[in-house]
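Results of the structural survey
The primary structure of each chain is shown beneath.
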Amino acid sequence: MHWYFNDRLIPAEEPVLQLNELGLLRGFGIFDFFLVEEGTPIFYEGYEARFLASARKLGLPLPLSTGELRRAIAELLQRNGESHAAIRLLLTGGYSPDGYRPGPSHLAILQHPFVPYPAEKCERGIGLQLNRYQRQLPEIKTTNYLNGIRLLPLLQAAGDLEPLYHDHGYVRETVRSNFWLVDEEGSLVTPKRGVLQGITRARVLDLARRDMPVQQRAVRVGELSRAREAFITGTSKRVMPVVRIDGRPVGDGQPGPVTRELMSRFERLKQEARKRSAARPEDR
Ligand SMILES: *Cc1c(COP(=O)(O)O)cnc(C)c1O
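Per chain, residues are indexed from 1 in the order of the written sequence. Under the rules for a predicted model, residues below a pLDDT of 70 receive no local features and side-chain atom pairs below 80 are neither given nor counted, while totals for whole chains, interfaces and linings still include all residues. With hydrogens and water set aside, each side-chain value is computed from the structure's full complement of heavy atoms.

1. A few points about the domain arrangement of the protein
When the parts of a complex come together, some accessible area is lost, and that lost area is often taken as the interface size. For clarity, the cut-off: Domain borders in the structure are assigned automatically or taken from a domain database. What makes two residues a contact is simply this: any of their non-hydrogen atoms within 4.5 Å. A 1.4 Å probe defines the accessible area here, and the buried area is the portion of it lost by two parts on being joined, summed over both.
For the protein, the assigned domains are domain 1 (2–115) and domain 2 (119–271). Just the C-alpha atoms count here: the centres of domain 1 and domain 2 sit 27 Å apart. Facing 18 residues of domain 1, the contacting portion of domain 2 comprises 18 residues. Both sides of the domain 1 and domain 2 interface together cover about 1,500 Å² of buried area, and 69% of this is carbon and sulfur. The three residues of domain 1 that bury the most area against domain 2 are Phe 31, Phe 43 and Arg 50, which together make up 40% of that side's buried surface.

In structure tokens, the structure reads:
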């Protein structure tokens, strides 16, 4: 496996960083993460736009143009030769002269094996644990997952997948996914503010709006116990049913019909994206 560091491909196991890198010293960094299926980066434009926006909002200059970034990704995929993969773009504060101030930023492009979640999680649904937390710069995909990783042993002990963040009585998102519910009236609802604007979330919003009542609005923690259905969305989780929150069943404790419908619509949309790009290889 090869990875990309700044302007060149390097073997993944090759050490490349000095230890005064600001991403390591102070957690100053952003990333993005997308899938490649049958050689095609899925919904790439959305991820690239969010990566550039995250970089701008944190004041991290990107050391190459978007054209160069695309070429670097293509070169990496070609070199590694896997048709299914996950790509992580990582941009960090660089070597700090004094342990605090950024130096010239570092760009890394990592390729990971494509490991879909076990089908069983999608069929039976997963559990979440409420946790009071607000991500610091919610609209930026920063590398800071301190709180989520700290909670891993607790989640594992309860057999739950992720913490569900809430703050001042309002539900936000899980540590790595956006959160949705079907409310008492049958409307599909997802929190509007204080969350990362997920690429999967945006696609699912489009798919739902065709014929479902949809609201992006504030969601009170108290609504969770009355929800008919819940699910989370994210790049590797896709649309994943939530059947349990803090050990209590959501609705009847089974993945619901709205969730199932959106799961299959999303799979079809990805299939279409793959086909479209296969028909236009020059866009890759
Ligand atoms: C990545 C991420 C999501 C999901 O976004 P996608 O673009 O759908 O993968 C949601 N919340 C947080 C905090 C994330 O890091």
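Once you've had a look at it, read on.
2. Comments concerning the pattern of salt bridges
If charged atoms from side chains of opposite charge come close, those side chains can pair. Operational definition: Whenever a carboxyl oxygen of Asp or Glu lies within 4 Å of a side-chain nitrogen of Lys or Arg, that contact is scored as a salt bridge. To qualify as a helix, a DSSP run of H or I must reach at least 4 residues; to qualify as a strand, a run of E must reach at least 2; elements of each kind are numbered from the N terminus. Buried residues are those whose accessible area, probed at 1.4 Å on protein chains only, stays under 20% of the maximum for their type, while exposed residues exceed 50% and partly exposed ones sit between those limits.
Across all of its chains, the model carries 20 salt bridges by this definition. A salt bridge links Asp 206 to Arg 203, with the shortest nitrogen-to-oxygen separation between them at 3.1 Å. Of this pair, Asp 206 and Arg 203 both sit in helix H7 (residues 199–209), three residues apart, which is roughly one turn of the helix. A relative accessible area of 38% places Asp 206 in the partly exposed class.

3. Points about helix H3 (residues 66–80)
Selection criterion: One fewer than the residue count of a helix, multiplied by 1.5 Å, yields its expected span. Here the arc refers to the directions that run from the helix axis out to each C-beta atom.
Between its first and last C-alpha, H3 extends 21 Å over 15 residues, near the 21 Å set by a 1.5 Å rise per residue. Those residues of H3 that fall on the buried side of the exposure criterion are Leu 69, Ala 72, Ile 73, Leu 76, Leu 77 and Asn 80. Summarising the axial view, the buried residues of H3 lie within an arc of 130 degrees, below the 170-degree limit, and thus occupy one face. The exposed residues of H3 that point more than 90 degrees off its buried face are Arg 71, Gln 78 and Arg 79. Of the surrounding elements, those touching the buried residues of H3 are strand S1 (2–5), strand S2 (8–11), strand S3 (29–37), helix H2 (44–58), strand S5 (85–92) and strand S6 (106–113).

4. Digging into the packing of H2 against H3
Applied cut-off: Helix axes use the C-alpha atoms of the stretch in contact, all axes being lines fitted to C-alpha atoms, and the angles between their N-to-C directions lie in the range 0 to 180 degrees. Here roughly perpendicular refers to angles of 65 to 115 degrees, roughly parallel to angles under 35, roughly antiparallel to angles over 145, and oblique to all remaining angles. By convention the crossing between two helices is left-handed if the near helix lies anticlockwise of the far one by an angle smaller than a right angle, and right-handed if it lies clockwise. Each residue is assigned to one class: nonpolar for Ala, Val, Leu, Ile, Met, Phe, Trp, Tyr, Cys and Pro, charged for Asp, Glu, Lys and Arg, and polar for all the others, Gly among them.
The contact between H2 and H3 brings their axes to 12 Å, and the two run at 125 degrees. One element, H2, and the other, H3, form an angle in the oblique class. Judged by the twist between their axes, the crossing of H2 over H3 is right-handed. Of H3, the residues touching H2 (which contributes Tyr 44, Glu 45, Glu 48, Phe 51 and Leu 52) are Thr 66, Leu 69, Arg 70 and Ile 73. Of the residues in the contact of H2 with H3, the class split is five nonpolar, one polar and three charged.

5. Details of the nonpolar core
Put simply, the test is: Take the buried Ala, Val, Leu, Ile, Met, Phe, Trp, Tyr and Cys residues and link them wherever side-chain atoms come within 4.5 Å; each set so joined is a nonpolar core.
With 59 residues, the main nonpolar core has Leu 69, Ile 109 and Phe 179 as its most contacted residues. In this structure, Phe 33, Ala 86, Tyr 165 and Val 175 belong to the second largest nonpolar core, which totals seven residues.

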